[in-house]
Amino acid sequence: MFERLTPTDPDAILALMQAFQADPRPGKVDLGIGVWRDADGRTPVFSAVKRAEKRIWKRQETKTYVSFRGDAAFHEAVSNLLLGPATDGQWRAASATTGGTSAVQTALTLARAAHPDLRVWIPAETWPNHWVLARSLGLETRSFAYIDPDTQEIDRAGLLRDLDRAQAGDVVLLHACCHNPTGADPDAELQAAIVASLARTGAVPVIDCAYLGFGATPEEDSAFLRRLSTLPEVLIAFSGSKSFGLYRERVGLCLALADGPQARDVVENHLTRINRVTYSFPPDHGARTVTEILGDQTLRTEWQDELGSIRDAITTHRARLSEALRMRLNTDRFDRLTRQKGMFAMLPLGEARVAELRNAHGIYIVGAGRINMAGVTEETCATVADALATVLR
Ligand SMILES: Cc1ncc(COP(=O)(O)O)c(C=O)c1O
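The structure contained in this document is the topic of the report that follows. Keep in mind it's a predicted model, so treat the numbers as computed, not measured. (Residues numbered from 1 in each chain as written. Predicted model: local features only at pLDDT ≥ 70, side-chain atom pairs only at ≥ 80, totals over all residues. Heavy atoms only, no water.)

1. As for the pattern of salt bridges
And step 1. Scanning all chains against the criterion turns up 21 salt bridges.
And step 2. A single network of salt bridges, built from pairs that share partners, joins R55, R59, E292 and D296. (Salt bridge = Lys/Arg side-chain N within 4 Å of Asp/Glu carboxyl O.)

2. Considering empty space enclosed by the protein
Where empty space is left can be seen by rolling a probe of water-molecule size over the atoms.
And step 1. One pass over the structure, following the stated rule, counts one cavity of 30 Å³ or more.
And step 2. Taken as a whole, the largest cavity encloses approximately 60 Å³ of empty space.
And step 3. Lining the largest cavity we find P123, F144, Y146, L159, L174, H175, H179, P186, I194 and F224. (1 Å grid on protein atoms, 1.4 Å probe; cavity = no way out; pocket = protein on both sides within 12 Å on 5 of 7 lines; lining within 4 Å. Points joined across faces, edges and corners; volume = space filled by probe spheres on them.)

3. Brief notes about the site of the ligand
And step 1. By nearness alone, every residue bordering the ligand is listed as G99, G100, T101, W127, N180, D208, A210, Y211, S239, S241, K242 and R250.
And step 2. With respect to the ligand, the backbone of G100 contributes an N or O atom lying 2.7 Å from an oxygen atom.
And step 3. The fraction of the free accessible surface of the ligand (400 Å²) that becomes covered by protein chains is 89%.
And step 4. Per element, the largest residue contribution to the shell around the ligand is three residues, and it comes from helix α4 (residues 99-114).
And step 5. Of the residues that constitute the shell around the ligand, the class distribution is three nonpolar, six polar and three charged. (Near = heavy atom within 4 Å. Polar contact = N/O pair within 3.5 Å; in protein donor to acceptor, adjacent residues only side chain to side chain. Areas by Shrake-Rupley, 256 points an atom, 1.4 Å probe, with all protein chains shown as cover. Helix = DSSP H or I, 4+ residues; strand = E, 2+ residues; numbered from the N terminus. Nonpolar A, V, L, I, M, F, W, Y, C, P; charged D, E, K, R; others polar.)

4. Quick look at helix α10 (residues 261-276)
And step 1. Here α10 contains 16 residues, and its C-alpha end-to-end distance of 22 Å stays within 8% of the 22 Å for a straight helix at 1.5 Å per residue.
And step 2. If you check which residues of α10 are buried, you get V267, L271, I274 and N275. Across the axial projection of α10, the buried residues extend over an arc of 90°, all falling on one side. In this structure, α10 carries Q262 and R273 as exposed residues pointing more than 90 degrees from its buried face. (Expected span 1.5 Å × (residues − 1). Buried < 20%, exposed > 50% of the residue type's maximum accessible area, 1.4 Å probe, protein only. Arc of directions from axis to C-beta.)

5. A few points about the layout of surface pockets
And step 1. If you add up the space inside the largest pocket, you get close to 1200 Å³.
And step 2. I13, W127, P128, N129 and R370 are, among the 41 residues lining the largest pocket, the residues nearest its centre.
And step 3. Where the lining of the largest pocket is concerned, the elements lending two or more residues are α1 (12-22), α4, α5 (129-136), β6 (204-209) and β9 (344-346).
And step 4. Among the residues forming the lining of the largest pocket, the class breakdown is 23 nonpolar, eleven polar and seven charged.
And step 5. Shared between two domains, the lining of the largest pocket takes at least three residues from each, and those domains are domain 1 (11-44 + 309-392) and domain 2 (65-295). (Domains from an automatic or database assignment.)

6. A word on the environment of C381
And step 1. Here C381 lies in helix α15 (residues 381-392).
And step 2. Spatially, the C-alpha atom of C381 lies 7.3 Å from that of R320, the residues being 61 residues apart in sequence.
And step 3. Every residue in contact with C381, bar those within four places of it in the chain, is listed here: R320, L321, A324 and V376. (Contact = heavy atoms within 4.5 Å.)

7. Quick look at a nonpolar patch on the surface
And step 1. A cluster of nonpolar side chains, namely M1, F2 and L5, defines an oily patch on the protein surface of about 450 Å² accessible area.
And step 2. Assignment of secondary structure puts L5 in the segment before α1. (Patch = residues over 30% accessible without salt bridge, like charges linked within 9 Å, V, L, I, M, F, W, Y side chains within 5 Å.)

8. Thoughts on the sheet that holds strand β3 (residues 119-123)
And step 1. In space, the seven strands of this open sheet follow the order β2-β8-β7-β6-β5-β3-β4, with mixed pairing throughout. Both edges of this open sheet fall to β2 (91-98) and β4 (140-144), since each of them pairs with a single strand only. The sheet shows a mean angle of 20° between the axes of neighbouring strands, direction not considered.
And step 2. Here β3 runs beside β4; their pairing, made up of five bridges, is parallel. Paired with P123 across the two strands is F144, which belongs to β4. (Pairing = 2+ DSSP bridges. Axes fitted to C-alpha atoms, helices over the stretch in contact; angles between N-to-C directions.)

Don't take any of this as a statement about function, it's just geometry.
Next comes the structure, spelled out in structure tokens:
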């Protein structure tokens, strides 16, 4: 049987990570994989997480199954974090998933059950797994314009023109905040125009929320989500990997806003079924940890402070790199780095320059130029900026 198998496409980020580890050069710099690292290159456990885990450990007397959709207290805690308490007439259905990846997959599976021939509209620049997930579910995909290649800012007219082509039954994949890979998020005006376009076409947003709190406070970072939640039907895929540093615990939530109590019940029924036929029960430990943090004012404040320090570091890294490039290349082209949000930024490199940076300078960058700002520390910034200036000149 196995002789009949042919290899699937290699995961580019994983391959890059392996090449970085195998590289013996002492000055190498990893700007690749999307994991937060501090100035010492560590991805520490949040102290709020440690404390919450300790409390759970002391209290927990059973590890028996919870339910197919996971713990209702987790659904409520994360839904309230993202959208605030449910208002009258808002019908929320949720299921815990195995991380944000499976939350996206669950949202698309649910949409497919309603409209098997739907089209998934995906931003032209996005987390590459969006394409893989949609296609592996057999769904038709379309891209919509996102970034203007000249300015690396959002192509507002192109984006709205393309979104207006979506139809009722289609879904439109959007990033809640800290767009991966560009760091370019729609401003309030564009957010409102996107909501208006969806209201007109009847297409349903699937909002991927994997970096809450990395661009601004969690409350501010959920502004787009909250605007979109005024639409009658919405799907949200939340990941706790980055925002709580719980990567390997696989914390995720698929949250659906339905148009009435009957629709909510049938969505819950489908979410139950989707989990039932995949992993039966979603992982609980990370989800419980998040619930504990969000439900206790002291832990919640501690978590927000820790998230705030990550955000401050990202802001500093962005400012430092933009300044270093301004000095070396005598241009304000990179000032946008200070306005854009989150862990990632796109640099106008292209695959040849990315290869040159890796081979000649030991600097590891994903694809055509996505960098993880976490790697641009006080220590590495000059090396990175020198090498970038060399290849960009
Ligand atoms: C945009 C986006 N969505 C979802 C995810 C999934 O995260 P996870 O499955 O690790 O929770 C990631 C992770 O890199 C991401 O960048």
